Amino acid sequence: MFQTAGSIVAGRNTIAQLIPRIKLLGEFRHAVIVTQPSIVALGVIEQIGVELKQAGISSHCITEVKPEPTVDNIRAVFANISAEPVDLLIGIGGGSVLDATKIFSVLLTNPTDVQSLIGTDLVSQPGIPTVLVPTTSGTGSEVTPNAIVTVPEEQLKVGVISRHLLPKLVIIDPVLTVSLPQPITAATGMDAFTHALESYISIKANPVSNMFALESIRLIADSLVHAYHNGSDLGAREKMLLGSMYGGMALSAAGTAAVHALAYPLGGKFNISHGVANSMLLPHVMAYNMDAISGRLGNVAHAMGLQVEKGGGKDSSERVIEQIFEWTSEMHIPQNLREFGITDQDVDDLAIAASKVTRLLNNNPKPMDLESIKSVYRKLFPKL
């Protein structure tokens, strides 16, 4: 079964359609805008507040959602949101903001704690109407039924997964992404690419997920480095935002796999950003999976536009892995866990934590036991 956002409006300057589109959803009295300080600084939120007021909708802004929010952060921000009546949530920001907005929506209608919603299909009632506007090209959260939170005591990132998290309206406007700094462009872009690639090789891959995954791969491969080097290139930014959204649709239909399972402990225990963790692990997990996915990686190479020289000694699947390494090098994404204060002695604990993420490991095309998980982590301790 494939489900996504109720309505999607995509294109340059489509943020101008936000209020008219909200009016089509129904009548609202008070909206909460969940965003981040960098978006407020652009003046976008102030303008939206003015337009909401003109439409008869009062609003206030929340900026306290932390990057990769913890359960406690979600609880604290929700206490602020729920202190007064609210009938519309508007999330404008990166994946953490969008995920949090979706969780706030269902917490307003399901009298329970966020901890009890962690898992699959544990949300009983639909949330209040939600509008999502991504400002990074990474998670694809705007079109997925997933929301990720960090549980520090378990040193893991975990998911709330429910059809009730899908928003009523999504605005995809590349103009809102042109100010993204290079490191965020790189990390979020590689995150989106990981979603598409893992969905394509997942054991749950299907015709719907394959369609979205290959188009996501094509768009991102054609635009990621351009967007990194020239953030004002609207054409590249537009392709990245669409590629991210299609990657979200692909993972909604097929799910991600071992890269994400191994990335969660890196974020949960060592606060490595999700996109960076995925970028580091992606080529090594693909190499581990190679004997199970080489044929599918040939299709990926074609979507990426990679040229394979006849008799050159490298087949198309190897070129995919090589290209990932080239991207991470060019965009200065670390490939050494030592840079984050992680040592060889941490590998056992990381592997044990990753082995518990069975929801994702079970999607991997090749089984991974504890030793194979450790072997992948050890690839990220290159010899000095």
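The structure reproduced in this document is the subject of the present report. (Residues numbered from 1 in each chain as written. Predicted model: local features only at pLDDT ≥ 70, side-chain atom pairs only at ≥ 80, totals over all residues. Heavy atoms only, no water.)

1. Concerning empty space enclosed by the protein
The final tally for this structure, using the stated rule, is 1 cavity of 30 Å³ or more. Roughly 40 Å³ of volume is contained in the largest cavity. Forming the walls of the largest cavity are S137, L180, T185, T188, G189, A227, R237 and M240. Contributions of two or more residues to the lining of the largest cavity are made by α6 (182-201) and α8 (234-254). It is α6 that provides the largest number of residues to the lining of the largest cavity, a total of 3 residues. Its residues assigned to classes, the lining of the largest cavity shows 3 nonpolar, 4 polar and 1 charged. (1 Å grid on protein atoms, 1.4 Å probe; cavity = no way out; pocket = protein on both sides within 12 Å on 5 of 7 lines; lining within 4 Å. Points joined across faces, edges and corners; volume = space filled by probe spheres on them. Helix = DSSP H or I, 4+ residues; strand = E, 2+ residues; numbered from the N terminus. Nonpolar A, V, L, I, M, F, W, Y, C, P; charged D, E, K, R; others polar.)

2. Remarks on the pairing of strand β8 (residues 156-161)
Of all 6 residues making up β8, 6 are buried, and the element is well covered by its neighbours. Side chains of β8 alternate between two faces, with L156, V158 and V160 and K157, G159 and I161 buried alike. Alignment of strand β5 (residues 119-120) against β8, held across 2 bridges, turns out to be parallel. Looking at the pairing, T120 lines up with I161 of β8. As paired elements, strand β7 (residues 146-151) and β8 share 6 bridges and run antiparallel to each other. Residue pairing in the sheet places V149 in a bridge with V158 of β8. Count of turn residues in the β7/β8 antiparallel hairpin: 4 residues, of which Q155 carries a positive phi of about 55 degrees. (Buried < 20%, exposed > 50% of the residue type's maximum accessible area, 1.4 Å probe, protein only. Pairing = 2+ DSSP bridges.)

3. Here we look at helix α7 (residues 207-229)
The first and last C-alpha atoms of α7 sit 34 Å apart over 23 residues, in line with the 33 Å expected at 1.5 Å per residue. By the largest-angle criterion, S223 marks the main kink of α7, which is about 40 degrees. Two or three places before V208, at the start of α7, stands the capping residue N206, its side-chain oxygen 3.0 Å from that residue's backbone nitrogen. (Expected span 1.5 Å × (residues − 1). Bend = angle between axes of the 7 residues up to and from the residue. Polar contact = N/O pair within 3.5 Å; in protein donor to acceptor, adjacent residues only side chain to side chain.)

4. Topic: the sheet that holds β7
Ordered by their spatial adjacency, 3 strands build an open sheet running β5-β8-β7, and the pairing between neighbours is mixed. Sheet topology places β5 and β7 at the edges, where each strand pairs with a single neighbour.

5. Focus on the sheet that holds strand β9 (residues 169-172)
Strand order in the open sheet formed by 6 strands is β1-β9-β6-β4-β2-β3, with parallel pairing between adjacent strands. Unpaired on one side and paired on the other, β1 (8-10) and β3 (58-62) mark the two borders of the sheet. Here the average twist between neighbouring strands, direction ignored, is 15 degrees. Of the pairings in the sheet, the one linking strand β6 (residues 130-134) to β9 comprises 2 bridges and is parallel in character. (Axes fitted to C-alpha atoms, helices over the stretch in contact; angles between N-to-C directions.)

6. Let's talk about the nonpolar core
For soluble globular proteins, the rule of thumb is that nonpolar side chains tend to be buried together. Counting residues in each nonpolar core, the largest one holds 102 residues, and the members touching the most others are F104, L281 and Y377. Among the elements that line this core, the one with the most residues is helix α10 (residues 274-304), at 15 residues. Contact partners of L281, with chain neighbours within four places excluded, come to V259, L262, A263, L266, V376, Y377 and L380. (Core = buried A, V, L, I, M, F, W, Y, C linked by side-chain atoms within 4.5 Å. Contact = heavy atoms within 4.5 Å.)

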